[in-house]
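Observations on the model geometry
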Amino acid sequence: LLEGELGPKEPAEAVALLESIATDAAGMLELASVLSSGKHLAAQPERARRWCRAAAEAGSARAAFVLSDWLRKGYGGPTDAAEAGTWLRTAAKRGD
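These numbers were taken from a predicted model, which means no experiment stands behind them.

1. A few points about the pattern of salt bridges
Pairing between side chains of opposite charge can happen when their charged atoms approach one another. Counted by the stated rule, this structure contains 4 salt bridges. Among the salt bridges present, the one from R47 reaches E19, with a minimum N-O distance of 2.5 Å. Taken together, the residues R47 in helix α3 (residues 45–57) and E19 in helix α1 (residues 11–21) connect sequence positions 28 residues apart. The shortest N-O distance in the salt bridge between D69 and R72 comes to 2.7 Å. A residue pair is termed a helical-turn pair when its members lie 3 or 4 positions apart in one helix, as D69 and R72 do in helix α4 (residues 61–73) at 3 residues. Accessibility expressed as a relative area gives 54% for R72, which makes it exposed. What emerges from the salt-bridge pattern is a single network uniting D69, R72 and K73.

2. Focus: helix α2 (residues 25–37)
The end-to-end C-alpha distance of α2 is 18 Å, a good match for the 18 Å that 13 residues give at a rise of 1.5 Å each. Along α2, the positions that sit buried rather than exposed are A25, M28, L29, L31, A32, V34 and L35. Its buried side turned inward, α2 meets α1, α3 and α4. Once α2 ends, the next one or two residues include G38, with phi positive near 75°.

3. Points about the side chain of S68
When you line up the elements, S68 lands in helix α4. Assessed through its relative accessible area of 7%, S68 is described here as buried. Apart from the residues lying within four places of it in its own chain, the contact partners of S68 are A84, W87 and L88.

4. Side note on the nonpolar core
Formed by 23 residues in total, the largest nonpolar core has its most connected members in W51 and C52. Those elements that provide at least two residues to this core are α2, α3, α4 and α5 (81–94).

5. Focus: the environment of R53
Considering the arrangement of structural elements, one finds R53 in helix α3. With 21 residues separating them in the primary sequence, R53 and A32 have C-alpha atoms 9.0 Å apart. R53 has contacts with L67, L71, E83 and W87, leaving out every residue within four places of it along the chain.

Conventions used here
Residues numbered from 1 in each chain as written. Predicted model: local features only at pLDDT ≥ 70, side-chain atom pairs only at ≥ 80, totals over all residues. Heavy atoms only, no water. Salt bridge = Lys/Arg side-chain N within 4 Å of Asp/Glu carboxyl O. Helix = DSSP H or I, 4+ residues; strand = E, 2+ residues; numbered from the N terminus. Buried < 20%, exposed > 50% of the residue type's maximum accessible area, 1.4 Å probe, protein only. Expected span 1.5 Å × (residues − 1). Contact = heavy atoms within 4.5 Å. Core = buried A, V, L, I, M, F, W, Y, C linked by side-chain atoms within 4.5 Å.

Here it is as structure tokens:
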């Protein structure tokens with residue numbers, strides 16, 4: 001649906017489907033990536049950050065790293081250097 005491989009491109013429908021099945025950290029991080037990229041639909045930084053946080057809280061080291069970067073840069077919300085540092089340390093402890 002995102003790429004049009006199953007018929008006409010339907011990015012909004014694809015995102016809705018991804019949201020309905022994003023039950024683990026990997027799915028949540030994939031959804032955050034789609035929402036942040038702006039490739040298939042307009043970037044949605046706030047939603048992307050919420051899903052990235054959910055993935056980080058679910059145990060993803062990669063999501064913790066990405067969330068740290070977004071918090072440092074203010075992507076999808078206000079900057080928060082202290083929280084960015086916390087998530088960066090969490091990512092390092094989890095490894096990837």
